[in-house]
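What the coordinates show
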Amino acid sequence: MIPVCPLSDLVPDEPIRFEPDGDVPICVVLADDGEVYAVDDTCSHQNASLSEGWVEGCEIECPLHGSAFDLRTGKVDILPATMPIRTHAVEIVDGVVHVSLSDERPNLPPGVSF
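All of the points below concern the structure found in this document. (Residues numbered from 1 in each chain as written. Predicted model: local features only at pLDDT ≥ 70, side-chain atom pairs only at ≥ 80, totals over all residues. Heavy atoms only, no water.)

The next subject is the pairing of strand β10 (residues 96–100). In this structure, strand β1 (residues 2–6) lies alongside β10, joined through four bridges in antiparallel fashion. From the neighbouring strand, proline 6 faces β10, where its bridge partner is valine 96. Note that strand β9 (residues 87–93) and β10 share five bridges and pair antiparallel. By the bridge assignment for β10, isoleucine 92 is matched with valine 97. Where β9 folds back onto β10 in an antiparallel hairpin, the turn is made up of two residues, including aspartate 94, whose phi is positive at roughly 50°. (Pairing = 2+ DSSP bridges. Helix = DSSP H or I, 4+ residues; strand = E, 2+ residues; numbered from the N terminus.)

Now the structure itself:
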């Protein structure tokens, strides 16, 4: 588990970007349902940071072309993206948000690598 930030730093529906060493950047969100979610920050359609997008309910929308992803599952809710994004386990320990990175391979857009 990687410590990301104090839970008190998160504002509902305002995603933050976290860059773990040696992995794809992560987007961490405190959603309307009170849960904290972590997903890959890079849209699977084109190279855009999801943390610069919008959150509504349990969905995050890419700022570039409007693709939307379910924060709980990573599945695509709105095209043009067709590939899901990875989700990561989140745990709150002593008021600090911790993320456990997925072992799955990220679905990055063509030409993007980390």
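To continue, consider unusual backbone geometry. Backbone torsion omega between leucine 79 and proline 80 reads 25°, so that peptide bond is classified as cis. Mapped onto the elements of the fold, proline 80 is located in the loop between β8 (76–78) and β9. A positive phi angle, close to 50°, is found at aspartate 94, a residue other than glycine. Relative to the assigned elements, aspartate 94 resides in the loop between β9 and β10. Looking at aspartate 94, the relative accessible area reads 79%, which means it is exposed. (Buried < 20%, exposed > 50% of the residue type's maximum accessible area, 1.4 Å probe, protein only.)

All right, on to a negative patch on the surface then. A surface patch of negative charge is lined by Asp32, Asp33, Glu35, Glu56 and Glu61. Topologically, glutamate 56 is positioned in strand β5 (residues 54–56). (Patch = residues over 30% accessible without salt bridge, like charges linked within 9 Å, V, L, I, M, F, W, Y side chains within 5 Å. Areas by Shrake-Rupley, 256 points an atom, 1.4 Å probe, with all protein chains shown as cover. Salt bridge = Lys/Arg side-chain N within 4 Å of Asp/Glu carboxyl O. Lys, Arg positive; Asp, Glu negative; His and termini not counted. Charge placed at Lys NZ, Arg CZ, Asp CG, Glu CD.)

On to the side chain of serine 44. Along the chain, serine 44 turns up in the loop between β4 (36–40) and β5. One polar contact links the side chain of serine 44 to the main-chain carbonyl oxygen of methionine 83, over a distance of 2.5 Å. Excluding its chain neighbours within four sequence positions, the residues that come into contact with serine 44 are Phe69, Ala81, Met83, Pro84, Ile85, Asn107, Leu108 and Pro109. (Polar contact = N/O pair within 3.5 Å; in protein donor to acceptor, adjacent residues only side chain to side chain. Contact = heavy atoms within 4.5 Å.)

This brings us to the pattern of salt bridges. For the structure on display, the rule yields five salt bridges. With its nearest N and O atoms 2.9 Å apart, the salt bridge here joins arginine 86 to aspartate 40. Linking arginine 86 in the loop between β8 and β9 with aspartate 40 in strand β4, this pair joins segments that are 46 residues apart in sequence. Overall, arginine 86 belongs to the buried group, its relative accessible area being 4%. Residue aspartate 40 is classed as buried on the basis of its relative accessible area of 2%.

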